[in-house]
Structure formats: structure tokens, C-alpha cells
Amino acid sequence: MTERLPPGARGPTGAGGTTRSGRAFGLGALLVVAAPALTGCGPERTMLSPVSTDAGRAADLWWLMFWIGAVIWTLVTAATLYALYRRGRGQQDPLARRRWENTPLIWGGIVLPSIVLVLVTGVTVDAMRRTDHRAGPGTMVVQVIGHQWWWEVRYPERDVVTANEVRVPAGRPVRIELTTADVIHSFWVPALAGKVDLIPGRTNTLWINTDRPGVYEGQCAEFCGLQHARMRFRVVVAPEPTFRQWLAGQEQPATEPADELAVRGREVFLSASCVHCHSIRGTAEVGASGPDLTHLASRDTLAAGIMPNTKGHLGGWIVDPQQVKPGARMPGSDLSPDDLQALLAYLGSLE
Ligand code: CUA
């Protein structure tokens, strides 16, 4: 019978294979290799390809700290390897016999860290000051409200409410006002702007200002419960005319169902439990704890950016959301296949 060890534990003979310096070097190398993965995970959500001045400032800060860290890591590793080499050859620790044995500690442990911390703090505070803009005549306001685990998006100047997709015009400063309906979340769209928390009881702001149209992935960046990792969103930057056209469409009440199946689907929606949480403007229902579905079919993704908005995904989501996103507030449904098809036809018509 073999001995069972907890994960990560070493067997009785396992410790002799690597030296301490080898392990230190391996860990350091791993960190260097992993560094790009820690910056926003993958090409779509990297902060290292900024498309706005503000995001460029955050990227500059990242690189500054990366290079400071790289230099310090190299110096510390070199000193460690040197000390181990001396000790391995039976020589006395070169630092221990000197009269000034405390000098490296004073410089390496107090003076240098103080200089680095003051420098990094100063540069960071300056970047924060520069990204805190003032509203001007062309400024547009978008309100984003965090929920477990999705994003409500409101355009207060027009009667528009949507979810999980923030559409903004290119070339115009957009002030994002961030609040939360429950716990702390954090709004982070790495290529476009910094990261700002959504705190209960207050409104924080973040600015988006880019002239580069595109779709930029965002992510909740503050742990907020079971589905935190899948609380995603996207920011769609569109040329001004395209944006205006979209906004005008979103202002309209829901499209009237065009065929019999969709009419039946609307009845299913209004008689099932959907209406307790969701609203579709143009019907009598005003459920507000779940995303507004008035123009559901115009959105690219479902369930906070985790899957494409297709009939199949929507059907699976309605029948068993807990399978897709365990812990989500949406309960499953026991609609008959016919009712489900009708409901999907109706929801699919809500352009
Ligand atoms: Cu919301 Cu993490």
C-alpha cells in the first residue's frame, strides 16, 4: 500500500532533487513567464494594448512597475546565488565578516524600498489625477449598476436601459457613473480605461474617451460571490452616426410580435415567472431585479457576456440557468417544449 500525501507535499525522498537556488530560480522564471497572463488574460482583455490616453497611462504604470520589479528580482537572485556559491565552497558568508555588515540591510531594506515606493506612489497619484477629467459640453453620461452577477446599463439623457453591453460613441468623452445594487464590484475594461470599484452607497466615476471603434472586453475585477469570474461585459465603441442610430432604436418600446408564435410567446412571458424580475417596455410588466429585455435580441451576448446570444444558448439558459451559472439569481423553468419555442420566438423578435 502506498503512502498517501496531501497535494503539494513532498515524499520522503523527494526533497533532495532540487537545490534551494534552483528552486528560487525556477520560481522567478515562472513569474516572468506568467507575467503577461496576470495583466488581463488573453489578447481580448489585455491592458498592454491601450486604445485611449487614460488606458495608456495605466499601461505605462504597469511597465514601470514591471521593470522595477524585474531589476530588483535580478539583483536579489544574483545575491542569493552568489551567497550559496560561496557557502557551497566552504567560504564564509562574504557579508557576515565585514564591519559594515548592516550596510546592505540599511540600503537594500530601507533606503532603496523607500525610494521605489515614493517614486511609484508619486507617479501613480499623478496618473490618477490626469485621468480624473471634468465634464464638458460634449460629455455623455452612462450609468452602470452592478448586480450579482450582471451589469445594468442606463443612458439617463434618454430613456434607455440595457445590460452587459456599454455602447459609446467614438471621439466623445463618456463619463461612466458606477453604483451597485448589492455588494462591491469593480468595472474594468483594460484596453480602454482603468479599473474603478462600485461601492454601495456612493457613485464613482470612470472616463472612456477613445476615437478607435471596436469591441473591448471587460470584467468584474472585485470578488463578488460565486459567479464573479463570469461577470463580464463589453464596451462597444461605434462611430457617432452608428451610435445614434443604435440609441434611437433602444429608445423605442418593444417590437410588437409579428406572427402567431411570437404572440403566443409574449403570453408565455407574461404568464410565467419571467415578469417578476424582467421587464419589456411596451408590456405592462416592470420587474426590475433582472436585466431589461426590451431589446434583448439586439445584444451580442447572454448571461453577462459569457455566451453568444443565439436561440440555442438562450433556450438552455431559460430552462436551466443553474447548470450554466451555478448560484445565479435566475431560477430554472419547467415550460413545455411548445411554450419554450414560442417564448424563444418572441424574445428573438425583440430587436
Ligand atoms: Cu461583480 Cu466580481
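Look up: the structure comes first, before these words.
Note that the coordinates shown come from a computational prediction; the quantities given were computed from them, not determined experimentally.

### What to know about the overall build of the chain
Scanning the chain from terminus to terminus reveals eight helices and 12 strands. Scored against the burial criterion, the 351 residues of the chain give a buried share of 38%. Contacts in the chain between residues far apart in sequence, at least 24 positions, make up 61% of those at least 6 positions apart. Split by element, the accessible area of the chain, about 19,700 Å² in all, is 60% carbon and sulfur.

### Focus: the sheet that holds strand S1 (residues 140–147)
The strands making up a sheet associate through hydrogen bonds between their backbones, and the pairing can be parallel or antiparallel. Judged by pairing direction, the sheet is mixed, and its five strands sit side by side in the order S3-S2-S1-S5-S8 without closing on themselves. With one partner strand each, in any of the chains shown, strand S3 (160–163) and strand S8 (204–208) form the two edges of the open sheet. Put simply, the sheet's adjacent strands are angled 25° from each other on average, direction ignored. Two strands pair when backbone bridges link them, and S1 and strand S2 (residues 150–155) are joined in this way by five bridges, in the antiparallel orientation. Its bridge partner being in S2, Gln143 is matched across the sheet by Arg154.

### Looking at the sheet that holds strand S10 (residues 232–238)
Sheet architecture is open: five strands sit in the order S4-S10-S9-S6-S7, paired in mixed fashion. A strand with exactly one partner marks an edge of an open sheet, and here the two such strands are strand S4 (165–169) and strand S7 (195–198). For this sheet, the mean angle separating the axes of adjacent strands, direction not counted, is 25°. In this structure, strand S9 (residues 214–220) lies alongside S10, joined through six bridges in antiparallel fashion. Directly across from Glu217, in S10, lies its bridge partner Arg234. Contacts between helix H4 (residues 240–251) and the sheet are confined to S4 and S10, with S4 contributing the most and set at about 130° to the helix.

### Re the side chain of Arg172
Locating Arg172 in the fold gives a position in the loop between S4 and strand S5 (174–180). What makes Arg172 buried here is its relative accessible area of 18%. There is a polar contact of 3.2 Å between the side chain of Arg172 and the backbone oxygen of Gly138. Within polar-contact distance, the side chain of Arg172 engages the side chain of Glu240 at 3.2 Å. Those residues in contact with Arg172 that sit more than four places away from it in its chain are Gly138, Met140, Ile208, Asn209, Glu240, Phe243 and Arg244.

### Here we look at the nonpolar core
Judged by nonpolar contacts, the single largest core of 35 residues is most densely connected at Tyr155, Val166, Ile176, Phe187, Ile208 and Val235. The contacts of Val235, once residues within four sequence positions are left out, are Val166, Val168, Phe187, Val189, Leu192, Ile208, Gly214, Val215 and Tyr216. If you look at the next biggest cluster of nonpolar residues, it comprises 22 residues, including Ala254, Leu340, Leu343 and Tyr346.

### Concerning unusual backbone geometry
In this chain, Gln148 is followed by Trp149 through a cis amide linkage whose omega measures -5°. Examined against the element boundaries, Trp149 turns out to sit in the loop between S1 and S2. Phi is positive for Asn164, close to 65°, though the residue is something other than glycine. Inspection of the secondary structure puts Asn164 in the loop between S3 and S4.

### Topic: the pattern of salt bridges
Opposite charge on two side chains permits them to pair, given that their charged atoms come into close proximity. A complete count under the given rule lists 15 salt bridges for this structure. Arg266 serves as the salt-bridge partner of Glu256, at 3.3 Å between the closest nitrogen and oxygen. Of this pair, Glu256 sits in the loop between H4 and helix H5 (260–271) while Arg266 sits in helix H5, placing them 10 residues apart in sequence. Judged by relative accessible area, Glu256 falls into the exposed class, the value being 52%. Residue class for Arg266 comes out partly exposed when judged on its relative accessible area of 21%. In this structure, a network of salt bridges that share partners links the residues Glu165, Arg167, Glu217, Arg234 and Asp300.

### Here's the deal with the pairing of S1
With seven of eight residues buried, S1 is to be regarded as a mostly interior element. Of the strand pairs in this sheet, S1 and S5 are connected by seven bridges, and their pairing is parallel. Residue pairing for S5: Val141 is matched across the bridge by Arg175. Between the antiparallel neighbours S1 and S2 lie two residues.

### Here's the deal with a nonpolar patch on the surface
A grouping of Ile106, Trp107 and Ile110 is seen on the molecular surface, where their side chains present a nonpolar patch of about 340 Å² in accessible area. With respect to the element layout, Trp107 can be found in helix H3 (residues 103–131). Trp107 gets classed as exposed once you look at its relative accessible area, which sits at 53%.

### A few points about the side chain of Thr46
When you line up the elements, Thr46 lands in the loop between helix H1 (20–34) and helix H2 (53–88). Using a relative accessible area of 13% as the deciding quantity, one classes Thr46 as buried. At a separation of 2.9 Å, a polar atom in the side chain of Thr46 contacts the main-chain amide nitrogen of Leu48.

### Regarding the environment of Met47
Of note, Met47 is situated in the loop between H1 and H2. In this structure, the C-alpha to C-alpha distance between Met47 and Pro190, residues 143 residues apart in sequence, is 4.4 Å.

The rules behind the values
- Residues numbered from 1 in each chain as written.
- Predicted model: local features only at pLDDT ≥ 70, side-chain atom pairs only at ≥ 80, totals over all residues.
- Heavy atoms only, no water.
- Helix = DSSP H or I, 4+ residues; strand = E, 2+ residues; numbered from the N terminus.
- Buried < 20%, exposed > 50% of the residue type's maximum accessible area, 1.4 Å probe, protein only.
- Contact = heavy atoms within 4.5 Å.
- Areas by Shrake-Rupley, 256 points an atom, 1.4 Å probe, with all protein chains shown as cover.
- Pairing = 2+ DSSP bridges.
- Axes fitted to C-alpha atoms, helices over the stretch in contact; angles between N-to-C directions.
- Polar contact = N/O pair within 3.5 Å; in protein donor to acceptor, adjacent residues only side chain to side chain.
- Core = buried A, V, L, I, M, F, W, Y, C linked by side-chain atoms within 4.5 Å.
- Salt bridge = Lys/Arg side-chain N within 4 Å of Asp/Glu carboxyl O.
- Patch = residues over 30% accessible without salt bridge, like charges linked within 9 Å, V, L, I, M, F, W, Y side chains within 5 Å.

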